[in-house]
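Residues per chain, in single letters:
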Amino acid sequence: MTNKLGIIARVVGVAAFSVRLFAHHGAASFDTSKTVTVTGTVTEYVWSNPHVFVKVDVKADSRDTAHWVLEAWNPVTQAGRGWTKNTFKPGDAVSLDINPAKNGALVGEIRGRIVINDKEFKQLQ
Amino acid sequence: MSKRLVVSIAAVMAAGMFSPLLRAQDEKWNNIPPRRSAYDGKKSSAPAPRRDMTGIWDAAQALGTSGASEHPALLPGGRGSEGGREDETGIAKPLPYTPAGLEALKKNKPSGPGVRQVDSALTNDPAGKCDPLGFPYMFLWELRTLNVVQTPRQVMMLSPFYGNYRVIWTDGRQPPKDPDPRYNGYSVGKWVDDYTFVVETTGMLPKTWLDHAGRPHSDQLVVEETYHRVDRDTMDLTMKITDPKMYAEPWLALNQLPLHLQPADFDIPELLCSPSEFAEYNKQVGSVVLRDSSKK
C-alpha cells in the first residue's frame, strides 16, 4: 500500500519495541502501536544530544515533497547500536521504519528496519 | 600462501573494517559497555581488594527513565508509560508521600515514560533545560558508566553523562550542620568493613528532582548509599532516601544494583547536555509533536 507521499505504512506488533530504557522523553507523543516506513532521500544528518536525527525528503510527485524529521536516541546509545557520525549522508536513499507522531506531524522515532542505499543496516542492539 | 588462504584473510580483514562490533572492540576510544545480558550466568571473579573501589564501573543499562528503579512510575506490568496522570495512584510500588510531598510531586512535570509523563516540550524537568541534575538525580536517571577515583582523602565519581561529578570526603569530617545548598550536596563516606563503603549526602538544592519521574525532595533530604564490593568485578549499590517533609518513611531507590568493573583502559563516551542542541531538538521535534498545540 503506497499513499501519495510514497510512504508504506503498516501496523505491526510492538511488544519488542514498547519498553523504553533511556531517553529524555517517553513515547507519549508517538504512536508506538504503528510502524510506518519512510522512503526517501536524506537531506541532513544531525549527530547531537539529546537525540540524533535524520531529515528525509519524500517526493510524492513532481510538485510535492514531504520533509520528515526522524529521531533516534542519543549519540552514545546509537553508537552502541553501531551507528556513527557517518551512518547517513545527504543524498542517501533510505527506507526507515518509524513510530509516527500522534498529532500527524511529519516526525517519527526510528524503530526497526533501516535500509541505506539498498543495503539493510543491521543494528547491534 | 595459497589463493584460498589469501581470500580468507582478506575476507576477515574486510569484516573487521566494516563490522561496527569489531570496530568498537578494536578502538581505544568511546568504548560502549556490554549489555546487561553479557553478565548473566557469569561466575564470580577473583576476590575484591580491601577498601578499594577504584575503577571504571558500569550499571549495564540497568536503570530506566521511569524513576528510581525500585519504584518505577508505572502500573503493574509496566503499563501506563503513556502518562497523562496528575499523581501516581495505582503504580506497582507506591511511594509514601506526605501531603506536602504529593503537592510537590504534582508541580513537577516529567517527560520520562511513566504515569505522569507529559509531552517533551511541556516538561519542567531541569534536565530539559540542561540545568545541573544534581544528586541523587544523576544516579536515578541514566546511571551509565562511572570513573571512580580514590585518594587517601576522597572518593571521586566522574560521569561523562551530563558532565556529572561527585566528591565524597573520607577524611573523617562530619557533614555540615546547616549548609548552604548545593546541587550535589555534601558527601562524606566511610568503610564500615573491608568491602562496604557507606556514603551520606545532605544539603542538596530542593529545586532539583530525585529522579526522572519528577519525585520531589526538600532541604531535609538525606541520601545514604551503600557500596558493597561483592568480588573483584562486581560491586552493588543500595540507595536509601530519607526526607520526612516529603515522605512519611525512608524508602530504597536502588536495592543492590550491580555495577560491573570494566577494563582499566575503558574510555567512557561523552554524553553532555548542550542548551543550543537541546533548543534545536525542541524546534525540530519536541514542539512539533505536541499532542495539544494550544499548549505551545
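Quick note: structure is the one above.
The sections below set out a description of the structure shown in this document.

### Examining the overall build of chain A
Point 1. Summing up its helical and strand segments, chain A has one helix and seven strands in all.
Point 2. The N-to-C order of helical and strand elements in chain A reads β-β-β-β-α-β-β-β.
Point 3. A burial count over chain A gives 40% of its 125 residues as buried.
Point 4. In chain A, 55% of the contacts between residues at least 6 apart in sequence involve partners at least 24 apart.

### Brief notes about the pairing of strand β3 (residues 53–59) of chain A
All names here are of chain A.
Point 1. Here strand β2 (residues 35–46) runs beside β3; their pairing, made up of five bridges, is antiparallel. Bridged to Glu44 within β3 is Lys55.
Point 2. Where β2 folds back on β3, the antiparallel hairpin that results is connected by six residues.
Point 3. Across seven bridges, β3 lies against strand β4 (residues 65–71) in antiparallel orientation. Bridge assignment links Val56 to a residue of β4, and that residue is Trp68.
Point 4. Counting the residues that bridge the hairpin from β3 to β4 gives five residues.

### A few points about the interface of chain A and chain B
Point 1. With 32 residues of chain A in contact, the opposing surface of chain B contributes 37 residues.
Point 2. Looking at the side of chain A that touches chain B, the elements with two or more residues in it are β4 and α1 (75–80) of chain A.
Point 3. Across the side of chain A that touches chain B, the residue classes break down as 17 nonpolar, twelve polar and three charged.

### A short note on helix α3 (residues 99–107) of chain B
What sets the pattern is the α-helix's 3.6 residues per turn: residues three or four places apart point alike.
All names here are of chain B.
Point 1. Listed in full, the buried residues belonging to α3 are Gly101, Ala104 and Leu105. What you see down the axis of α3 is that its buried residues fit within an arc of 105 degrees, all on one side. Opposite the packed face of α3, turned more than 90 degrees from it, sit the exposed residues Pro99 and Lys107.

Cut-off values and rules
- Residues numbered from 1 in each chain as written.
- Chains lettered and ligands numbered in written order.
- Predicted model: local features only at pLDDT ≥ 70, side-chain atom pairs only at ≥ 80, totals over all residues.
- Helix = DSSP H or I, 4+ residues; strand = E, 2+ residues; numbered from the N terminus.
- Buried ≥ 20, exposed ≤ 12 C-beta atoms within 10 Å, placed from the backbone.
- Contact = placed C-beta atoms within 7 Å.
- Pairing = 2+ DSSP bridges.
- Nonpolar A, V, L, I, M, F, W, Y, C, P; charged D, E, K, R; others polar.
- Arc of directions from axis to C-beta.

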